[in-house]
Amino acid sequence: MTQEITTHEKKYAITFSPEEKKVIKAQFFPPSATTEDMVYCMEVAKNLGLNPILNEIYFVERKTKIDGQWVTRVAPLAGKNAWLKLAHASGQFAGLETDVSVKEVPVMKDGEWTTHKDLVASATVYRKDTDRPFTVEVSYSEYVQRTKDGTPTKFWKEKAQTMLRKVAIAQALREAFSVSGIYDEAELEEPEDTDK
């Protein structure tokens, strides 16, 4: 595998050998993946310079709502260290700060805006080439993933601060480094049949 990551964040570039492509197809895609799914996911991996063999990117079944119906597709999701890899690869990453606390947040109730207390995570990303940082705040009520019966899923029930922090970091780094085509699993809505 050859890797050419340039200092411009949109030109990470990674190339996979035919042998690596064969391994990735056999080992890292769910059995339901179509040829179109695989081409799409591999293009995202290649263009972002993320290697599925190193768990920098995952290809997983996700349910997506299309015209009011849930449809299963295979989609690329960022691995644990993908966001920081992309930030460092740009050559412009100058640091990251995060915080999780309870704050008053706006909410629409009975057609009127009011506020209520919510768990809020913030992430601030610094770049060497900008004067101002990129800051994102996200609230628990907006991103908590729930089972079909409305209860939070296992990770959101047991590790709410960690999950919310992941959402804030992913969004802040994506904004700061113009990353598109990939999300963190903590950001995406998916119906669940059971509380795993």
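Residues numbered from 1 in each chain as written. Predicted model: local features only at pLDDT ≥ 70, side-chain atom pairs only at ≥ 80, totals over all residues. Heavy atoms only, no water.

*Asks:* It is not clear to me how the packing of aromatic side chains should be interpreted in this structure. Could you clarify?
*Replies:* The geometry of an aromatic ring pair is captured by the separation of the ring centres together with the interplanar angle, meaning the angle of the planes. Applying the stated criterion to the full structure yields three aromatic pairs. Note on F29 and F59: the rings are 4.4 Å apart at their centroids and 15° apart in plane angle, and the pair reads as stacked. Of this pair, F29 sits in the loop between α1 (18–27) and α2 (35–48) while F59 sits in strand β3 (residues 57–66); the two residues are 30 residues apart in sequence, bridging distant segments of the chain. The two residues F29 and F59 agree in class, both being buried. (Phe/Tyr/Trp six-rings, centres within 6.5 Å; stacked < 30°, edge-to-face > 60°. Helix = DSSP H or I, 4+ residues; strand = E, 2+ residues; numbered from the N terminus. Buried < 20%, exposed > 50% of the residue type's maximum accessible area, 1.4 Å probe, protein only.)

*Asks:* Help me understand the pairing of strand β4 (residues 69–78), please; the structure alone is not making it clear to me.
*Replies:* Sheet faces and side chains relate simply in a regular strand, where the side chains alternate between the two faces. Of the pairings in the sheet, the one linking β3 to β4 comprises ten bridges and is antiparallel in character. In the sheet register, K63 faces β4, and the bridge partner there is T72. What sits between the antiparallel neighbours β3 and β4 is a turn of two residues, in which D67 has the positive phi angle 50°. (Pairing = 2+ DSSP bridges.)

*Asks:* For this particular structure, what's the right way to read the sheet that holds strand β7 (residues 134–139)?
*Replies:* Within a sheet, each strand pairs with its neighbour through backbone hydrogen bonds, oriented either parallel or antiparallel. As summarised here, the arrangement of the three strands in space is β5-β6-β7, forming an open sheet in which the pairing is antiparallel. Strand pairing shows two members of the sheet lacking a second neighbour, β5 (93–109) and β7, which therefore form its edges. On average, each strand axis in the sheet is tilted by 20° relative to the strand beside it, whichever way the strands run. With 16 bridges connecting them, β5 and strand β6 (residues 112–127) associate as antiparallel partners. Following the sheet pairing, D99 is matched in β6 by S122. Of the strands in this sheet, β5, β6 and β7 touch helix α6 (residues 160–176), which is tilted by about 60° from β6. (Axes fitted to C-alpha atoms, helices over the stretch in contact; angles between N-to-C directions. Contact = heavy atoms within 4.5 Å.)

*Asks:* So what exactly am I meant to see when it comes to α2 here?
*Replies:* Residues three or four positions apart in an α-helix share a direction because the helix packs 3.6 residues into each turn. Spanning 14 residues, α2 covers 20 Å between terminal C-alpha atoms, matching the ideal 20 Å at 1.5 Å per step. Along α2, the positions that sit buried rather than exposed are D37, M38, C41, M42, V44, A45 and L48. Looking straight down α2, one finds its buried side chains confined to an arc of 155°; they lie on one side. More than 90 degrees from the buried face of α2, the exposed residues found are T35, E36 and V39. Residues of α2 that are buried in the fold lie against β2 (14–15), α1, β3, β4 and α3 (82–89). (Expected span 1.5 Å × (residues − 1). Arc of directions from axis to C-beta.)

*Asks:* Honestly, unusual backbone geometry in this entry has me stumped. Any pointers?
*Replies:* Leave glycine aside and you will find that most residues have negative phi; peptide bonds, for their part, are mostly trans. The backbone of N55 sits at a positive phi, close to 60°, despite the residue not being glycine. Relative to the helices and strands, N55 resides in the loop between α2 and β3. The phi dihedral of D110 is positive, around 55°, even though this residue is not glycine. Its place among the elements puts D110 in the loop between β5 and β6. Take D110: its relative accessible area is 76%, and that puts it in the exposed class.

*Asks:* Looking at this model, I keep getting lost on the pattern of salt bridges. Mind explaining?
*Replies:* Pairing between side chains of opposite charge can happen when the charged atoms of each approach one another. Here the structure, examined in full by the defined rule, presents six salt bridges. For the salt bridge of E43 with K46, the shortest nitrogen-to-oxygen distance reads 3.2 Å. Note that E43 and K46 are positioned in helix α2 at a spacing of three residues, about one turn of the helix. On the basis of relative accessible area, E43 is assigned to the partly exposed category, the value being 35%. (Salt bridge = Lys/Arg side-chain N within 4 Å of Asp/Glu carboxyl O.)

*Asks:* What is the right way to read the side chain of S139 from this model?
*Replies:* Secondary-structure assignment places S139 in strand β7. Of the residues examined, S139 reaches a relative accessible area of 7% and is grouped as buried. Beyond its immediate sequence surroundings of up to four residues, S139 is in contact with V105, D118, L119, V120 and L164.

*Asks:* When you look at the environment of T72 in this model, what are you seeing that I'm missing?
*Replies:* Relative to the assigned elements, T72 resides in strand β4. Taking the C-alpha atoms as reference points, T72 and V60, twelve residues apart in sequence, are found 9.9 Å from one another. When near neighbours in sequence (up to four residues on either side) are disregarded, T72 contacts E61, R62 and K63.

*Asks:* Please explain the nonpolar core as it appears in this structure.
*Replies:* The nonpolar side chains of a soluble globular protein tend to be buried with one another. Counting 44 residues, the largest nonpolar core has F29, F59, W83, W156, L173, F177 and I182 as the members making the most contacts within it. For this core, the elements supplying multiple residues, two or more each, are α2, β3, β4, α3, β6, β7 and α6. The greatest single-element share of this core, amounting to ten residues, is contributed by α6. Excluding anything up to four places from it in sequence, I182 contacts V44, L48, L50, I57, P76, L77, A78, W83 and R174. (Core = buried A, V, L, I, M, F, W, Y, C linked by side-chain atoms within 4.5 Å.)

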